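Report on the structure
Residue-level listing of the chains:
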Amino acid sequence: MDRVTLFLLPSLYAEFLLSPSQQEGPGRGRDTPGQRSASPTPAGGRQVGNPVRRGCPCVAASVLHPGDRSGPHDRAAPRNYNSQQRRRPGSRKPKLGGEEAAETWRRVPCSFSKIKGGAECWGLICQFATMNVVFAVKQYVTKMIEDSGPGMKVLLMDKETTGIVSMVYTQSEILQKEVYLFERIDSPNREIMKHLKAICFLRPTKENVDYLIQELRRPKYSIYFIYFSNVISKSDVKSLAEADEQEVVAEVQEFYGDYIAVNPHLFSLNILGCCQGRNWDPAQLSRTTQGLTALLLSLKKCPMIRYQLSSEAAKRLAECVKQVITKEYELFEFRRTEVPPLLLILDRCDDAITPLLNQWTYQAMVHELLGINNNRIDLSRVPGISKDLREVVLSAENDEFYANNMYLNFAEIGSNIKNLMEDFQKKKPKEQQKLESIADMKNLKRLLQNPKVTEFDAARLVMLYALHYERHSNNSLPGLMMDLRNKGVCEKYRKLVSAIVEYGGKRARGSDLFSPKDAVAITKQFLKGLKGIENVYTQHQPFLHETLDHLIKGKLKENLYPYLGPSTLRDRPQDIIVFVIGGATYEEALTVYNLNRTTTGVRLVLGGTTVHNTKSFLEEVLSSGLHSRSKESSQVTARSASRR
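Residues numbered from 1 in each chain as written. Predicted model: local features only at pLDDT ≥ 70, side-chain atom pairs only at ≥ 80, totals over all residues. Heavy atoms only, no water.

1. Things to note about the overall build of the protein
Operational definition: Put simply, DSSP H or I for four residues or longer makes a helix, DSSP E for two residues or longer makes a strand, and each gets a number counted from the N terminus. Working definition: with a 1.4 Å probe on protein chains only, accessible area under 20% of the residue-type maximum means buried, over 50% means exposed, and in between means partly exposed. We call two residues contacting when some pair of their heavy atoms lies within 4.5 Å. A 1.4 Å probe and the Shrake-Rupley method give the accessible areas. Residues count as covered only by the protein chains that appear here.
Looking only at helices and strands, one finds 25 helices and 19 strands in the protein. Among the 644 residues that make up the protein, the fraction classed as buried is 54%. Within the protein, residue pairs in contact and separated by at least 24 positions form 80% of the contacts whose partners lie at least 6 positions apart. Per element, the accessible surface of the protein, about 29,800 Å² overall, is 49% carbon and sulfur.

2. Overview of the sheet that holds strand β16 (residues 575-581)
Here is the rule: We treat two strands as partners when DSSP finds at least two bridges between them. Note on geometry: axes are C-alpha line fits, over the in-contact stretch for helices, and angles between N-to-C directions span 0 to 180 degrees.
Strand order in the open sheet formed by six strands is β8-β9-β18-β16-β13-β12, with mixed pairing between adjacent strands. With one partner strand each, in any of the chains shown, β8 (260-263) and β12 (304-307) form the two edges of the open sheet. Across the sheet, the axes of successive neighbouring strands diverge by a mean angle of 25 degrees, strand direction being ignored. Taken together, the three bridges between strand β9 (residues 266-268) and strand β18 (residues 603-608) define a ladder with parallel strand orientation.

3. A short note on the confidence of the model for the protein
As a general rule, the predicted coordinates of low-pLDDT regions are not to be interpreted in detail. Convention followed: Per-residue confidence from the predictor is reported as pLDDT, a score between 0 and 100.
On average, residues of the protein score 74 in pLDDT, and 67% of them are at 70 or above. Here residues 1-76 is a poorly scored stretch, pLDDT under 50, and it has 149 contacts once near neighbours within four places are set aside; other chains count. For residues 630-644, every residue scores under 50 in pLDDT, and the model assigns this stretch 16 contacts once sequence neighbours within four places are set aside.

4. A short note on helix α21 (residues 543-552)
Going by this rule: Here the arc refers to the set of directions running from the helix axis out to each C-beta atom.
Of all the positions in α21, only F543, L544, T547, L548, L551 and I552 are classed as buried. Down the axis of α21, the smallest arc covering the buried residues is 165 degrees, so these residues share one side. If you follow the buried residues of α21, they end up packed against β12, β13 (342-347), β16, α22 (586-598) and β18. Remark: G554 follows α21 within two positions and exhibits a positive phi of approximately 75 degrees.

5. Thoughts on the pairing of strand β7 (residues 249-254)
To keep things clear, this is the line we draw: With the strands aimed away from the viewer, a crossover counts as right-handed if its path from the first strand over the helix to the second runs clockwise.
Extensive coverage of β7 is indicated by the burial of five of its six residues. Note that strand β6 (residues 223-228) and β7 share five bridges and pair parallel. By the bridge assignment for β7, Y227 is matched with Q253. Handedness of the crossover joining β6 and β7 through helix α10 (residues 234-243) is recorded here as right-handed.

6. Structural notes on the pairing of β13
Most of β13 sits inside the fold, with six of its six residues counted as buried. Here β13 shows no split at all, with L342, L344 and L346 on one side and L343, I345 and D347 on the other all buried. Of the strand pairs in this sheet, β12 and β13 are connected by four bridges, and their pairing is parallel. Bridging from a neighbouring strand, R306 pairs with L344 of β13. Crossover handedness for the path β12 to helix α12 (residues 312-327) to β13: left-handed. Here β13 pairs with β16 via six bridges, running parallel. The partner of I345 across the bridge, within β16, is F579.

7. Considering the nonpolar core
What counts, and what does not: In this text, buried Ala, Val, Leu, Ile, Met, Phe, Trp, Tyr and Cys residues form a nonpolar core when linked through side-chain atoms within 4.5 Å.
Judged by nonpolar contacts, the single largest core of 98 residues is most densely connected at Y259, F267, L317, I345, I581 and L606. A per-element tally of this core places helix α6 (residues 133-147) first, with eight residues. In this structure, L606 is in contact with H265, L266, F267, L544, V578, V580, A584, T585, E588, A589 and V592, ignoring residues within four places of it in sequence. If you look at the next biggest cluster of nonpolar residues, it comprises 35 residues, including A458, A459, V462 and L484.

8. Regarding unusual backbone geometry
A positive phi is found at N270, a non-glycine position, where the angle reads about 55 degrees. Position of N270 among the secondary structure elements: in the loop between β9 and β10 (275-276). Note on N270: relative accessible area 40%, which makes it partly exposed. Positive phi, normally seen in glycine, also occurs at N375, with a value near 70 degrees. Within the secondary structure, N375 is located in the loop between α13 (362-369) and β14 (376-378). On the basis of relative accessible area, N375 is assigned to the buried category, the value being 9%.

9. Describing the packing of aromatic side chains
Any pair of aromatic rings gets described here by the distance separating the centres and the angle formed by the planes. Condition: Whether two aromatic rings pair depends on their centres lying within 6.5 Å, for rings of Phe, Tyr and Trp, where Trp uses its six-membered ring; planes under 30 degrees apart make the pair stacked, over 60 edge-to-face, and the rest tilted. Whether a charge sits over a ring comes down to the Lys NZ or Arg CZ being within 6 Å of the ring centre and within 35 degrees of the ring normal.
Under the definition given, this model contains nine aromatic pairs. An angle of 75 degrees between the planes, with centres 5.7 Å apart, marks the rings of Y503 and F617 as edge-to-face. Taken together, the residues Y503 in helix α19 (residues 491-504) and F617 in helix α23 (residues 614-623) connect sequence positions 114 residues apart. In this structure F617 comes out as buried when scored by relative accessible area, which is 0%. Joined through ring pairs, the aromatic side chains of Y140, Y227 and F255 make up one cluster. It is K138 that lies over the ring of Y169; its NZ or CZ is 5.0 Å from the centre.

10. Observations regarding α10
Given 3.6 residues to a turn, an α-helix orients residues that are three or four positions apart in the same direction. Taken as a whole, α10 has its buried residues at D236, V237, L240, A241 and A243. Looking straight down α10, one finds that the buried residues subtend no more than 160 degrees of arc, so they occupy a single side.

11. Quick look at the environment of E173
Residue placement: E173 occurs in helix α8 (residues 171-175). Since its relative accessible area comes to 23%, E173 is described here as partly exposed. Setting aside residues no more than four positions away along its own chain, E173 makes contact with K138, V168 and N398.

12. A look at the packing of helix α17 (residues 455-469) against helix α18 (residues 477-487)
When two helices pack together, their arrangement is given by the angle between their axes and by how far apart the axes lie. Applied cut-off: We call two directions roughly parallel when the angle between them is under 35 degrees, roughly antiparallel when it is over 145, roughly perpendicular when it lies between 65 and 115, and oblique otherwise. When residue character is reported, Ala, Val, Leu, Ile, Met, Phe, Trp, Tyr, Cys and Pro are called nonpolar, Asp, Glu, Lys and Arg charged, and the others, Gly included, polar.
Relative to each other, α17 and α18 sit at 170 degrees, their axes nearing to 11 Å. Between α17 and α18, the angle is such that the two are roughly antiparallel. The residues of α18 that touch α17, namely those facing A458, A459, V462, Y465 and A466, are L477, L480, M481, L484 and K487. Tallied by class, the residues present in the contact of α17 with α18 amount to nine nonpolar, no polar and one charged.

13. Considering the side chain of T599
Tracing the sequence through the fold places T599 in the loop between α22 and β18. Looking at T599, the relative accessible area reads 17%, which means it is buried. Setting aside residues no more than four positions away along its own chain, T599 makes contact with I552 and R572.

14. What about the environment of Y211?
With respect to the element layout, Y211 can be found in helix α9 (residues 206-217). Accessibility expressed as a relative area gives 27% for Y211, which makes it partly exposed. For the pair Y211 and D186, spaced 25 residues apart in the sequence, the C-alpha separation amounts to 6.8 Å. Apart from residues lying up to four places away in sequence, Y211 is in contact with I185 and D186.

Okay, here's the thing in structure tokens:
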């Protein structure tokens, strides 16, 4: 009997068909004596246990996908904690719950090939979708639903996994797969519905494990398929097994969809305020490490790591990711490629200009003007808005116009959108109107005195000026700060001027953000308004473009972006994952999109702790605490301005 036929059989029958030699053969049997499997807790805690790894009768590592040359340890998919030991004919079926279950739930390599269309379909899809984060998460969710079999289902999630699923599946799509109810694990008033199967997709936090233990002790549904979005500790698995006294758990697995898939090449962790000063908030470091390693596992990448030397936070994250890869080495045993994948870790402080500027693509403008949160736009504060439009979903997966126009420049979208935006600008309240035009630096003071210029935009202009001219011997910053005060700009925005210099000024940057140009050229480049749509084509280029261009050409300096460890890449990288501590932007996502489109043989994915617009970026700066450190310098600036 060939392997593909065996793959399609139920696991019990496959067990009977396997000979003892096949069951215990290389890559399928038990670990060799002395072999250990490391398993840290999700929060990066202590190493626990030495779980026995046993062959999976339903495919495990023995079935290879067509077109996949990976070996028996190339685990594309999740770990499976089986609730039932493999049985030989005549053996006793073990209990599923109680203390005995703690010994019978074992880690086994479980294949991720059994998706709709079979192994041949999966092999073809993998060739085109290896670096597609939306596809990766969507296939995890699809497999969860399909593995639960036919029948009515409830999807039980936590706050974070609810957002993760909503980014890749619409409610109507998931209803077609017999999922008729969506519940939160922390909801206290859920009804008992024994006619439903429960698919639990949860982050492996202590809080969620406790909720799940309570659920299993008093189950509300007939059977439970449990999926954790990241690595779960053996001690937590044991606690769940002991709680399963009514034997309602059919399966426990790790599915590594622990991040928000925004676009096919863009992901986020939805973390705002990841650092305190220049150092990580410990809880956010743990969450970021989990999200980034889950991303690597879902894309089947075990990368070499480079980081921004000027950032202590980038180095610390690189070390944490490397530590997880080392501890969970079995999960990262993917097939070796001729050129290893590369993870490049950057810090937002290296380019504080990009998130301060208006961004001009359709997707970026919507985020700047209205804000996008998990593909949702809150319009509830728009006067006269109908009830149905108070929250709008904007998804490239289900909106053809949005998918076709999201990366287009404002001038390229078409006359209808142009007219719509012009009408929108006319109808906006005065406090939301943007700047009309800026000719050169001579007009800056006059703009600050213009009553049509909002406090926020006035402060933003001075921030941009301060970032460039902070070390210029005769800059006009003290006078501009006084102009802000005279305009009535609140103290919060005035403090942000010095805070932004502390966050992303020359001392914080690892490279030269500003190319040598005259002042007028720089002003025109960075301080654009809405007047003259043709000027949009000369907009700002993110510093990330230059960094990636040098990386692809093999010119990125190792003294500025060193490798973690002794190994280095000799050839041009092919699969590149870029992660920005402090948040990425949609303008940088456009850069990655264009590079993917125009650079042959290179595939890039961009991620960040969040995806910023101007307001969220300034919140990031405030949450870092750097504004309090710069308070004294701000007061000195104000005093010197008053003397003038």
